[in-house]
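Residue-level structure breakdown
Residue-level listing of the chains:
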Amino acid sequence: MALTREEREQFLAEPHIAALAVDAGEGRAPLTVPIWYQYAPGGDVWIMTGPDSRKNRLIGAVGRFSLMVDRVEPTIRYVSVEGPVLDTTPATVEQLREISARYLPADKVEEYVDFAWKNHGEQVVVRMRPERWVSSDLGSV
């Protein structure tokens, strides 16, 4: 059964690991990789990645991407969203802290942020406007 707008937005706002998919060009299947993301109901989705990463280059070439998140407990549920890129900007340490706090235990965030900021190299934030949604709750098994 399809989710309501409120249900799908709330589900996407939960801290799931997303599968990001982007067109990889002629003769290739879409690039699909796991990624952390940030979203608040009614807003835009954003991801953080290296400016020279394959996913960022492909996103820049086609100007859009999709995310899919799912779960299997307590029911089988998924949300897929796709849309156009609004902008790509240099990432800030505050954005790194925000997205890290979404996924990591509170006592691990600062240590991770310090490590990532020093060792992962330059990062960019890519914002996407949700345009098309596919969602369902298939119930429990």
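What comes next is a walk through the structure. (Residues numbered from 1 in each chain as written. Predicted model: local features only at pLDDT ≥ 70, side-chain atom pairs only at ≥ 80, totals over all residues. Heavy atoms only, no water.)

1. A closer look at the side chain of Asn-56
You can see Asn-56 is positioned in helix α2 (residues 54-62). Residue class for Asn-56 comes out buried when judged on its relative accessible area of 12%. Side-chain polar atoms of Asn-56 contact the backbone oxygen of Pro-51, separated by 2.9 Å. Not counting chain neighbours up to four residues away, the residues in contact with Asn-56 comprise Thr-49, Gly-50, Pro-51, Thr-88, Val-124 and Val-126. (Helix = DSSP H or I, 4+ residues; strand = E, 2+ residues; numbered from the N terminus. Buried < 20%, exposed > 50% of the residue type's maximum accessible area, 1.4 Å probe, protein only. Polar contact = N/O pair within 3.5 Å; in protein donor to acceptor, adjacent residues only side chain to side chain. Contact = heavy atoms within 4.5 Å.)

2. Describing the environment of Ile-35
Within the fold, Ile-35 resides in strand β2 (residues 31-35). Here Ile-35 falls in the buried class, since its relative accessible area comes to 7%.

3. Observations regarding helix α1 (residues 5-13)
Within the span of α1, buried status applies to Arg-8, Glu-9, Phe-11, Leu-12 and Ala-13. Looking at the packing, one finds that the buried side of α1 touches β3 (45-49), β4 (64-71), β5 (76-90), α3 (93-103) and β7 (132-139).

4. Concerning the pairing of β5
As judged from the eight bridges shared by β4 and β5, these two strands associate in the antiparallel manner. For Arg-64, the partnering residue across the bridge sits in β5 and is Pro-84. Counting the residues in the hairpin turn of β4 and β5 gives four residues. Sheet topology places β5 next to β7; seven bridges connect them, and they run antiparallel. Directly across from Val-81, in β7, lies its bridge partner Trp-133. Bridge count for β5 against strand β6 (residues 124-128) is five bridges, and the pairing is antiparallel. When the bridges of β6 are listed, Thr-88 appears paired with Val-126. (Pairing = 2+ DSSP bridges.)

5. Topic: the environment of Leu-31
Mapped onto the secondary structure, Leu-31 falls in strand β2. Judged by relative accessible area, Leu-31 falls into the buried class, the value being 13%. Distance in space between the C-alpha atoms of Leu-31 and Ala-19 is 9.7 Å, their sequence separation being twelve residues.

6. Digging into the layout of surface pockets
For the largest pocket, the calculated volume is near 290 Å³. Lining the largest pocket are 15 residues, with Met-48, Leu-96, Tyr-112, His-120 and Gln-123 sitting closest to its centre. (1 Å grid on protein atoms, 1.4 Å probe; cavity = no way out; pocket = protein on both sides within 12 Å on 5 of 7 lines; lining within 4 Å. Points joined across faces, edges and corners; volume = space filled by probe spheres on them.)

7. Brief notes about the nonpolar core
If you look at the biggest cluster of nonpolar residues, it comprises 35 residues, and the most contacted ones within it are Leu-12, Leu-20, Tyr-37, Ile-47, Phe-65 and Leu-67. Excluding its chain neighbours within four sequence positions, the residues that come into contact with Ile-47 are Leu-20, Ile-35, Trp-36, Tyr-37, Ile-59, Phe-65, Val-124, Val-125 and Val-126. (Core = buried A, V, L, I, M, F, W, Y, C linked by side-chain atoms within 4.5 Å.)

8. Observations concerning the pattern of salt bridges
For the structure shown, the criterion picks out twelve salt bridges. For the salt bridge of Glu-9 with Arg-5, the shortest nitrogen-to-oxygen distance reads 3.2 Å. Taken as a pair, Glu-9 and Arg-5 lie in helix α1 at a separation of four residues, close to a single helical turn. For the salt bridge of Asp-44 with Arg-127, the shortest nitrogen-to-oxygen distance reads 2.8 Å. Of this pair, Asp-44 sits in the loop between β2 and β3 while Arg-127 is found in strand β6, placing the two residues 83 residues apart along the sequence. Of the residues examined, Asp-44 reaches a relative accessible area of 18% and is grouped as buried. Of the residues examined, Arg-127 reaches a relative accessible area of 28% and is grouped as partly exposed. Sharing partners across several salt bridges, the network here consists of Asp-44, Asp-87, Arg-127 and Arg-129. (Salt bridge = Lys/Arg side-chain N within 4 Å of Asp/Glu carboxyl O.)

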